[in-house]
Amino acid sequence: MVELTKLDWFWIVAFLALMIGCGIVFYRLGKRSQADFFLAGRGLPWWLPASSVFATHTATDTPMWVTGVIYEHGLRGIWFVTLFSAWCAVSAIVSARIFRRSLAYSQAEFQSLRFGELGSELMRGWMTGWAVFLNMFILGWVGMAMGKVSQLVFGWPTWWGLVIFSSVCAIYVLAAGYWGVIITDFQQGVIAFASIVLTSIWGIVAAGGPGRIVERLHEMNQSWRLDVFHFTGTTGGEFPVAWFVTMLLFALLGGVGMATTIDWYAEAQRIQSAKTVRDASYGIWAGTALILIRDSLWAICILGFFTLAPNIASRSEYEIGWFKIGFEALPAGMVGFFFATILAIHFSTISSHLNLGAMYATRDLYQHYINPRASEQRLVWVGRISTLLLLLGSFVMGSMMTEITKWLIFALWLMAAGVWLPNLLQVVWWRFNAWGYLSSWIANLGMSWLVVWVLPAYGVIPQLADYQQFWLLMALGALVWLPVNILTPPEKMEHLVKFYVMTRPVGAWGPVRREAERLGLLPPAEARDSSHGLVRRRWTPEAANRWSREDWIAAVLSAAGYLLIIVGGTLSLIGSALGYVTLALGVAASALMYWVIDPKLRAVSADYEQKQKQYLERLEGITRWERAE
Amino acid sequence: MRAAPILALWLQGVPPKALIFAMLLSYALGFAGMLLAYLNYKKRGGGKR
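**Student:** It is not clear to me how the overall build of chain A should be interpreted in this structure. Could you clarify?
**Tutor:** The helix and strand inventory of chain A stands at 29 helices and zero strands. Expected size for 629 residues packed as a compact globule is a radius of gyration near 25 Å; at 24 Å, chain A falls within 12% of this value. Viewed in the frame of its principal axes, chain A has a C-alpha envelope of about 70 × 60 × 60 Å. Across the 629 residues in chain A, those meeting the buried criterion constitute 56%. The contacts of chain A with a sequence gap of at least 6 include a subset with a gap of at least 24, amounting to 81%.

So, in structure tokens, the structure goes:
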């Protein structure tokens, strides 16, 4: 247990009052309509979704996960964390734009736009059920991590921490919906970032500073821990080159598609809540960049923790290293602030997933299948009831999760492996149809079980490394979805034309584009004007709506910027000259990315805002019930 | 192993029972969503010319 002073309690109570106060203040905005309750009226400037991306992906279990991999692997452990975020580098330039233009609330709804007929409905129904499960599962998982922290601080049984803090968080989500989520996420993001910087610097100083940490590692014959590329071989060991390459491809190419990681669901909501395409792109780019900076700080702090306590054998003990630094190294009076920070990172994740899961239940289940003519008022209430049911479900899920986090991460990653390529194809290939996509999801369910547990248990195949399982599952999945896709007819051309005109997807859409041009819905493509040079800086909305060289330059610079920032940031913190140079290159690549893509995004958004205005006028028309009150 | 593979693995404790519960729940909700989608499609006369 941790001793708390009056000042500590002041920080905790003040934080809780601030969060619940936001629920009360934004109650009226949240209840206006479904679009307000789930997307804050689609009018947010980029920095609000950005802070929400950062806050949502900084959960109570995140410091445990990061501490675990850095303690075990040294600085190369940053890749286990970073490569799950790197897809946003490309997604910010490519798939965020496509998804934002679709105006779909959720990825399940996107299925109805991309595909047609029965296949699209089945796909939407499947994805809705899956998303409701996934959000409930994450709520239980993160809630249980809070239970463990509460046990450390107050000595409570773990389920107390799970139930009490998730329930307090639910108050403002129930009251104000996504308005409550996004406004509190901003405050939580600021508190969490400031506190992570403070606590990590405090921890680094407690370990004797960067120089002393490096010295100690040399003395302990643990210098390899300072190498971010300390591979264990080409294909073998804990950190092979093959794993790194697989994950890099998975993340960077995955950014072209949708739902290539389990994170996409939360990003999708933030993309739709931004006021323009430009705001959506910068929102997820900047939010993820903050995550990279956070990871760098954590990494060095945990390395310092390792030099102080190098012989902890139990993973469950060293995983709470960062929390221990906070509770043991910070002075009295600041411990409460540190606990408020933990509440901030907990609430930001819980609130996001409560609202996101409720959105699927309301928009894709209730409104689409049960009551399409429901009033906006009723939809808001269904949203609230769904939020409450998800909260209760998360208690059941959380109470079952004690020692299985590692398994569950593993299982979810595998569930994503077989649909990774289909997730891309739904965006980049016009001929990919609903039956191909649906069969890939169904096939992957069975195959992931076979490849991971059943076949190795019977000695049919050896126990494979996770990256090998990824490639095998992708190949086996293709053996199912590829024939299904080819043997079933393509989606109807009029449906594809509508989708194409609305979202302007990237890739192999030639026949659909030509049909749209033939129907007069799009002007014929113009030959590239060579007077613009390598990078065009002046755009008309119509020219900006087409994919061009500038997009690919920006995507490459964005990915390079992310990778250089994480490596450079981490090495800079241990005083490496190479680290400073790498970090400077990362910042330069990011600035150049902005210079290349910003004029184009502004032109896209100018055109888009016109369409958005019409949409919002229609939305206002259907929210008259509130004015009639 | 005489029991069915999944059951046998469950009895061995690999993977944990809670994981099997979570996996089955995800399948159940996914298929329930699909069933609802199918019934709704038929109700609206989908597929008929």
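There's plenty left to go through after this.
**Student:** What is the right way to read the domain arrangement of chain A from this model?
**Tutor:** Interfaces are often sized by the amount of accessible area the parts lose when they come together. Residues and elements named next belong to chain A. Domain parsing of chain A yields domain 1 (1–29 + 46–72 + 116–223 + 278–403), domain 2 (412–510) and domain 3 (536–629). Each partner contributes to the interface: domain 1 provides 18 residues, whereas domain 3 provides 15 residues. Those elements giving two or more residues to the side of domain 1 that touches domain 3 turn out to be α12 (209–219), α15 (277–308) and α19 (376–400). Sort the elements by how many residues they give to the side of domain 1 that touches domain 3 and α15 lands first, with eleven residues. Here the side of domain 1 that touches domain 3 is built from residues that sort into ten nonpolar, five polar and three charged.

**Student:** I would appreciate a short explanation of the nonpolar core in the present structure.
**Tutor:** Across soluble globular proteins, you tend to see nonpolar side chains buried next to one another. Residue and element names in this part refer to chain A. Residues A86, V90, I182, C301, I302 and L438 are the most contacted members of the largest nonpolar core, which totals 204 residues. Sort the elements by how many residues they give to this core and helix α11 (residues 158–206) lands first, with 21 residues. Excluding its chain neighbours within four sequence positions, the residues that come into contact with I302 are V66, T67, I70, Y71, G321 and W322. One finds W430, Y500, W509 and V512 within the second-largest nonpolar core, a separate group that totals eight residues.

**Student:** Is there a simple way to think about the packing of helix α14 (residues 264–273) of chain A against α15 of chain A in this case?
**Tutor:** Packed helices, taken two at a time, are described by the angle between their axes plus the distance between the axes. Residues and elements named next belong to chain A. Contact geometry for α14 and α15: axes closest at 8 Å, N-to-C directions at 140°. Taken together, the axes of α14 and α15 lie oblique to each other. Considering the relative orientation of α14 and α15, their crossing is right-handed. Two secondary-structure elements touch here, α14 through E267, R270 and I271 and α15 through A280, G283 and I284.

**Student:** Whenever I open this one, the packing of helix α10 (residues 117–154) of chain A against α11 of chain A confuses me. Can you help?
**Tutor:** Residues and elements named next belong to chain A. At their nearest, the axes of α10 and α11 sit 7 Å apart, and the two run at 120° to each other. Compared by their axis directions, α10 and α11 come out oblique. The crossing of α10 and α11 is right-handed. For the pair α10 and α11, contact is made by L139, G143, M144, M146, G147, K148, V149, S150 and Q151 and by T158, W159, W160, G161, L162, F165 and S166, respectively. A class-by-class count of the residues in the contact of α10 with α11 yields eight nonpolar, seven polar and one charged.

**Student:** How should unusual backbone geometry be read in this particular structure?
**Tutor:** Outside of glycine, negative phi angles account for most residues, and trans bonds account for most peptide bonds. Residues and elements named next belong to chain A. With a phi close to 55°, R42 is a non-glycine residue in the positive phi region. Relative to the assigned elements, R42 resides in the loop between α3 (34–39) and α4 (47–56). Its 21 C-beta neighbours within 10 Å are what place R42 among the buried residues. The phi angle at R504 is positive, at roughly 50°, despite the residue not being glycine. Among the structural elements, R504 can be located in the loop between α24 (493–503) and α25 (510–518).

Thresholds, definitions, all that
- Residues numbered from 1 in each chain as written.
- Chains lettered and ligands numbered in written order.
- Predicted model: local features only at pLDDT ≥ 70, side-chain atom pairs only at ≥ 80, totals over all residues.
- Helix = DSSP H or I, 4+ residues; strand = E, 2+ residues; numbered from the N terminus.
- Rg over C-alpha atoms; globule rule 2.2 N^0.38 Å.
- Buried ≥ 20, exposed ≤ 12 C-beta atoms within 10 Å, placed from the backbone.
- Contact = placed C-beta atoms within 7 Å.
- Domains from an automatic or database assignment.
- Nonpolar A, V, L, I, M, F, W, Y, C, P; charged D, E, K, R; others polar.
- Core = buried A, V, L, I, M, F, W, Y, C linked by C-beta atoms within 7 Å.
- Axes fitted to C-alpha atoms, helices over the stretch in contact; angles between N-to-C directions.
- Parallel < 35°, antiparallel > 145°, perpendicular 65-115°, else oblique.
- Left-handed = near helix turned anticlockwise from the far one by under 90°.

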